[in-house]
Amino acid sequence: MAQSTGPRWLDEREMAAWHGFLEATSRVARHVEQQLKDEAGLSHAQYEILVRLSGAPDGEIRMTELAEGLFTTKSGLTYQVGQLEKRGLVARRSCPTDVRGVLAVLTAEGRAALRDAAPGHVVAVREALIDVLDEEELAVLARGLARVGARLRPSD
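Rules of the game
- Residues numbered from 1 in each chain as written.
- Predicted model: local features only at pLDDT ≥ 70, side-chain atom pairs only at ≥ 80, totals over all residues.
- Heavy atoms only, no water.
- Core = buried A, V, L, I, M, F, W, Y, C linked by side-chain atoms within 4.5 Å.
- Buried < 20%, exposed > 50% of the residue type's maximum accessible area, 1.4 Å probe, protein only.
- Helix = DSSP H or I, 4+ residues; strand = E, 2+ residues; numbered from the N terminus.
- Contact = heavy atoms within 4.5 Å.
- Pairing = 2+ DSSP bridges.
- Axes fitted to C-alpha atoms, helices over the stretch in contact; angles between N-to-C directions.
- Expected span 1.5 Å × (residues − 1).
- Polar contact = N/O pair within 3.5 Å; in protein donor to acceptor, adjacent residues only side chain to side chain.
- Parallel < 35°, antiparallel > 145°, perpendicular 65-115°, else oblique.
- Left-handed = near helix turned anticlockwise from the far one by under 90°.
- Nonpolar A, V, L, I, M, F, W, Y, C, P; charged D, E, K, R; others polar.
- Phe/Tyr/Trp six-rings, centres within 6.5 Å; stacked < 30°, edge-to-face > 60°.

### Points about the nonpolar core
In this structure, Ile49, Leu50, Leu53, Leu66 and Leu77 are the most contacted members of the largest nonpolar core, which totals 23 residues. Counting residues per element, the ones that place at least two in this core are helix H1 (12-40), helix H2 (44-54), helix H3 (63-70), helix H4 (74-86), strand E3 (98-106) and helix H5 (108-128). Beyond its immediate stretch of four places on either side in the chain, Leu53 contacts Gly59, Glu60, Ile61, Leu66, Val90, Ala104, Val105 and Leu106.

Next comes the structure, spelled out in structure tokens:
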């Protein structure tokens, strides 16, 4: 018996899961993006940059490391950091241990902007996703998405 060489098409249950994932991720992302824009004047990417910097020692991270942690391209990160820099929320400086390296540094203004934006952001995340699910659904979602992320994470 010959083996099929074509794709394994999605069945009805799998297609429903895929379509549900696409709709939910799109709608949650738009909801969170709009809330941050309206209430804080930040994009979601900019907010995440501020969050990562706030959790880093001395509020600074190498740009290459920041790009990897944010799942974005280096050019996309450079643009977003440039926008934050224009507003005085982030600064860039040379890395003291690597002449080619550049550090993104959270400023006092950036820390204040993050502190002001965080309450509205967490409300938006809760209303769009977290509070919609019960504890079991949330645990399954977290486990499943962690497996997907791990599978697709580039190996170094």
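### Here we look at the sheet that holds strand E2 (residues 90-95)
Across the sheet, 3 strands lie side by side as E1-E3-E2; this open sheet has antiparallel pairing. At either margin of the open sheet sits one strand with a lone partner, and together these are strand E1 (60-62) and E2. Strand-to-strand twist of the sheet, defined as the mean angle between neighbouring strand axes without regard to direction, takes the value 30°.

### A look at helix H6 (residues 135-152)
Helix length check: H6 (18 residues) gives 26 Å between terminal C-alpha atoms against 26 Å at 1.5 Å per residue, within 8%. For H6, the N-terminal capping position is held by Asp134, with its side-chain oxygen 3.1 Å away from the main-chain nitrogen of Glu136.

### Describing the packing of H2 against H3
Here H2 crosses H3 at 120°, and the two axes come no closer than 11 Å. Between H2 and H3, the angle is such that the two are oblique. Seen from above, H2 lies across H3 with right-handed handedness. From H2, Glu48, Ile49, Arg52 and Leu53 reach across to H3, where they touch Leu66, Gly69 and Leu70. Here the contact of H2 with H3 is built from residues that sort into 4 nonpolar, 1 polar and 2 charged.

### Details of the packing of H2 against H4
Between H2 and H4, the least distance of the axes is 10 Å, while the angle of their chain directions is 80°. When the axes of H2 and H4 are compared, the pair comes out roughly perpendicular. For the pair H2 and H4, contact is made by Ala45, Gln46, Ile49 and Leu50 and by Leu77, Gln80, Val81, Gln83 and Leu84, respectively. Here the residues of the contact of H2 with H4 are counted per class, giving 6 nonpolar, 3 polar and no charged.

### Considering the packing of aromatic side chains
Applying the stated criterion across every chain yields a total of 1 aromatic pair. Ring geometry for Trp18 against Phe21: centres 5.9 Å apart, planes inclined by 20°, an arrangement best described as stacked. Of the two residues, Trp18 and Phe21 are both situated in helix H1; the distance of 3 residues between them amounts to about one turn of the helix. Classification of Trp18 as partly exposed rests on a relative accessible area of 42%.

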